[in-house]
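Observations on the model geometry
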Amino acid sequence: MPCSGAEYMVSAGAPREWRPQIYRKRTDTAWLFLFFLFWTGLVFIMGYSVVAGAAGRLIFGYDSFGNVCGKKNSPVEGAPLSGQDMTLKKHVFFMNSCNLEVKGVRLDRTALCVSSCPEEQLDSLEEVQLFANTSGSFLCVYSLNSFNYTHSPKADSLCPRLPVPPSKSFPLFNRCIPQTPECYSLFASVLINDVDTLHRILSGIMSGRDTVLGLCVLALALSLAVMFTFRFITTLLVHIFISLIILGLSFVCGVLWWLYYDYTNDLSIELDTERENMKCVLGFAIVSTVITAVLLVLIFVLRKRIKLTVELFQITNKAISSAPFLLFQPLWTFTILIFFWVLWVAVLLSLGTAGTAQVMEGGQVEYKPLSGIRYMWWYHLIGLFWTSEFILACQQMTIAGAVVTCYFNRSQNDPPDRPILSSLSILFFYHQGTVVKGSFLIPVVQIPRIIVMYMHNALKEQQHGALLRYLFRCCCGCFWCLDKYLLHLNQNAYTATAINGTDFCTSAKDAVKILSKNSSHLKSINCFGDFIIFLGKVLVVCFTVFGGLMAFNYNRAFQVWAVPLLLVAFFAYLVAHSFLSVFETVLHALFLCFTVDLETNDGSSEKPYFMDQEFLSFVKRSNKLNNVRAPQGKDSLRNEEGTELQAVVQ
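In this text the structure is predicted, and so the values were computed from the model without any measurement. (Residues numbered from 1 in each chain as written. Predicted model: local features only at pLDDT ≥ 70, side-chain atom pairs only at ≥ 80, totals over all residues. Heavy atoms only, no water.)

1. Let's talk about the overall build of the protein
Spelled out, the test is: Per the convention used, a helix needs a DSSP run of H or I reaching at least four residues, while a strand needs a run of E reaching at least two, with both numbered from the N terminus. Between buried and exposed lies partly exposed: a residue is buried under 20% and exposed over 50% of the maximum accessible area for its type, with that area taken using a 1.4 Å probe on protein chains only. Contacts: residue pairs with any heavy atoms within 4.5 Å of one another. Here the Shrake-Rupley method, with its probe set to 1.4 Å, supplies the accessible areas, and only the displayed protein chains count as covering residues.
Assigned secondary structure in the protein consists of 19 helices and eight strands. A total of 650 residues make up the protein; the buried ones form 47% of that total. Put simply, 73% of the contacts in the protein that link residues at least 6 apart link residues at least 24 apart. Here the protein displays about 32,900 Å² of accessible surface, and carbon together with sulfur accounts for 65% of that area.

2. Thoughts on the side chain of Ser82
What counts, and what does not: The term polar contact refers here to a pair of N or O atoms within 3.5 Å; inside protein, the definition further demands a hydrogen-donor-capable atom paired with an acceptor-capable atom, and it admits residues adjacent in sequence only when both atoms are side-chain atoms.
Summarising the element assignment, Ser82 is placed in the loop between α2 (55–60) and β1 (91–94). A polar atom in the side chain of Ser82 sits 2.9 Å from the backbone nitrogen of Val76. Within polar-contact distance, the side chain of Ser82 engages the backbone oxygen of Ala79 at 2.6 Å. Apart from residues no more than four positions distant in its own chain, Ser82 is found in contact with Phe65, Asn67, Pro75 and Val76.

3. Overview of the pairing of strand β8 (residues 365–369)
The line we're drawing: In short, DSSP must find at least two bridges between two strands for them to pair.
Strand direction decides the pairing type here: strand β7 (residues 355–359) and β8, joined by five bridges, are antiparallel. Within β8, the residue paired with Val359 across the bridge is Val365.

4. What about the nonpolar core?
Note the following rule: Nine residue types can take part in a nonpolar core, namely buried Ala, Val, Leu, Ile, Met, Phe, Trp, Tyr and Cys, and a core is a set of them joined through side-chain atoms within 4.5 Å.
Core analysis: the biggest nonpolar cluster contains 85 residues, and Phe230, Phe241, Tyr407, Val586 and Met611 have the highest contact counts within it. Among all residues touching Val586, those that are not within four sequence positions of it are Thr316, Ala319, Ile320, Leu326, Ile399 and Val403. Within the second largest apolar cluster, 29 residues are counted, among which are Val92, Leu139, Val141 and Cys159.

5. Focus on the UniProt feature "transmembrane region" (unreviewed entry) in the protein
For clarity, the cut-off: UniProt positions are given in the numbering used here, feature names are shortened, and annotations may be inferred rather than shown by experiment.
Per the UniProt annotation, the sites labelled "transmembrane region" (unreviewed entry) are residues 29–51, 212–233, 240–261, 281–302, 323–344, 377–408, 531–552 and 558–576. With 95% helix and 0% strand, residues 281–302 has end C-alpha atoms that lie 31 Å from one another.

6. Here's the deal with the packing of helix α1 (residues 29–52) against helix α12 (residues 373–407)
A pair of packed helices can be characterised by two numbers: the angle between their axes and the separation between those axes. Cut-off, in case you're wondering: Note on geometry: axes are lines fitted to C-alpha atoms, helical ones only across the stretch in contact, with angles between N-to-C directions running from 0 to 180 degrees. Convention used here: angles under 35 degrees read as roughly parallel, angles over 145 as roughly antiparallel, angles from 65 to 115 as roughly perpendicular, and any remaining angle as oblique. Handedness of a helix crossing follows the sense of rotation of the near helix relative to the far helix, less than a right angle counterclockwise being left-handed and clockwise being right-handed. Ten residues, namely Ala, Val, Leu, Ile, Met, Phe, Trp, Tyr, Cys and Pro, are considered nonpolar, four, namely Asp, Glu, Lys and Arg, are considered charged, and the remaining ones, Gly among them, are considered polar.
Close contact between α1 and α12 brings their axes to 10 Å; oriented N to C, the two are set at 130°. One way to sum up the angle between α1 and α12 is to call them oblique. Crossing geometry of α1 relative to α12 is assigned as left-handed. On α12, the residues touching Leu34, Phe35, Leu37, Phe38, Trp39, Gly41, Leu42, Phe44, Ile45 and Tyr48 of α1 are Ile373, Met376, Tyr379, His380, Ile382, Gly383, Trp386, Thr387 and Phe390. Per-class residue counts for the contact of α1 with α12 are 15 nonpolar, four polar and no charged.

7. Let's talk about a nonpolar patch on the surface
Condition: Patch rule: a residue counts if its relative accessible area is over 30% and it has no salt bridge; like charges are joined within 9 Å, and nonpolar side chains (Val, Leu, Ile, Met, Phe, Trp, Tyr) within 5 Å. Salt bridges are defined by distance alone: a side-chain nitrogen of Lys or Arg within 4 Å of a carboxyl oxygen of Asp or Glu.
On the surface, Trp257, Ile286, Val290, Val294 and Leu298 cluster together into a nonpolar patch covering about 420 Å² of accessible area. It is helix α9 (residues 272–301) that contributes the most residues to the nonpolar patch, four residues altogether. Considering the arrangement of structural elements, one finds Leu298 in helix α9.

So, in structure tokens, the structure goes:
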């Protein structure tokens, strides 16, 4: 509702005023309508994928002759082995799963519907015949009777290549997946048409899957421990925390260089996997050494700000204490994202199965994609980026709104009831369009960046084009910087919208203006707070990688563990970022609320600050540290432009 009263009116020539939680209207409704239209298109694509796509083929699987496993099928014209009753044959078995080949653009493999997967290795046709007679699961082409497995001259071409590896049915989708690491990685990598690279990656992951799972659990436990440390932070804990960072980084660097030295002096190195591990260890060692040196320099330079940073985190924790369920926001956000991503992948795969049956040589059936599917894929891809950013932006807006509600509360003894629910209701009824607009800017930068990266990688195989590769690399760097700036701008714009109730562009402009005007007060302390949060993420990654180094090194000759270790490090950083992002968002929201408080009040009895005495004393100490206190004392915090507002007593 528009505010009333002469105290909030400014002249036409005066700057627009900040009115914390007074003015509220629906913002950026046109963008909300645009997002609704966009999602109407996505719903159409979902419906089209259900109608035109073959959900049965996707979920239950199908053989090479046009039969869907687990159901009775209709015949396909020109395919004599189609139209069979597969009600009792619910599993898809891939013949020659360890010896797949690609002919042209088509995968040369034969799939059959079977009643069960062979869980033990079959070394001869006699064993294949015995398995068929005992289990009723026929592993040769349907036209060959099981009695002729050992007698027919065509058995070599109609039966799987020996030995048949042990396999188990994949959960939900009933595919027989080979269980030996080498065969599994080759099977999966050929299906994705990247035999060389993906083979080695999947081989390492499969052979060390228990270790990878254990490291992921370790990363989760470390993230919870760091979050608990930040929740009850003290100066002693920060010093212990930084000491652990220095010790961990130094130890990891030392272990990596020792492993590289051990590899170079090991005369028994003959396997390609060992050589690749040695190269990756060298790369890890160089990168970790550079990162360690940079972080140590930054810690040394900023060491004098530790005490004030601890006080800033205590103030942040005080704000979180007013709404303790803020710490659980990443959980429901992650749950919603997982649900959306699963739905997105299901629709994508359904679009991939939308096609018309085409009979190939040998009576096999393939499905030709329908025209226009590629355009739907691109539309679907944009929907992935935009909707994901929208969900993340809703979390940022919710946290910022809860912090704003608690900050701009006059009665410290009577905190607001249910600030998170209040923030969610304001977001839902007033500011969804603002979140839609802000979240749209991110994919506008990310999608061109992905295209440029793809073009850069495509040019790597060409001998000429070094200038183009350099230009593409520069473009990637520019898009990356712009992406990071927009993420920071969006966060401040959402907080400004929660405070002032204005649209996205106005909020972003006002936030940039007021932060640049008052940046001298807490900017350096706020940056060091972000740095401490980043160190928390580094601590989680550091000890997770160290555990991985110790675990993987015991079996160095049988797996390429460098890539799985890199994936584990990425997962550790992602988990740590998810848990610690709440502190980061609250910290930035408090910073903007503080600058708005300075803009609208002067600390007098008529216009007291919203901040409590603890926050005010912290501000004064930070001003002393930065040597920015003006001769007027209190008046140094007064608004320079004079457009002050009477604070609202709640």
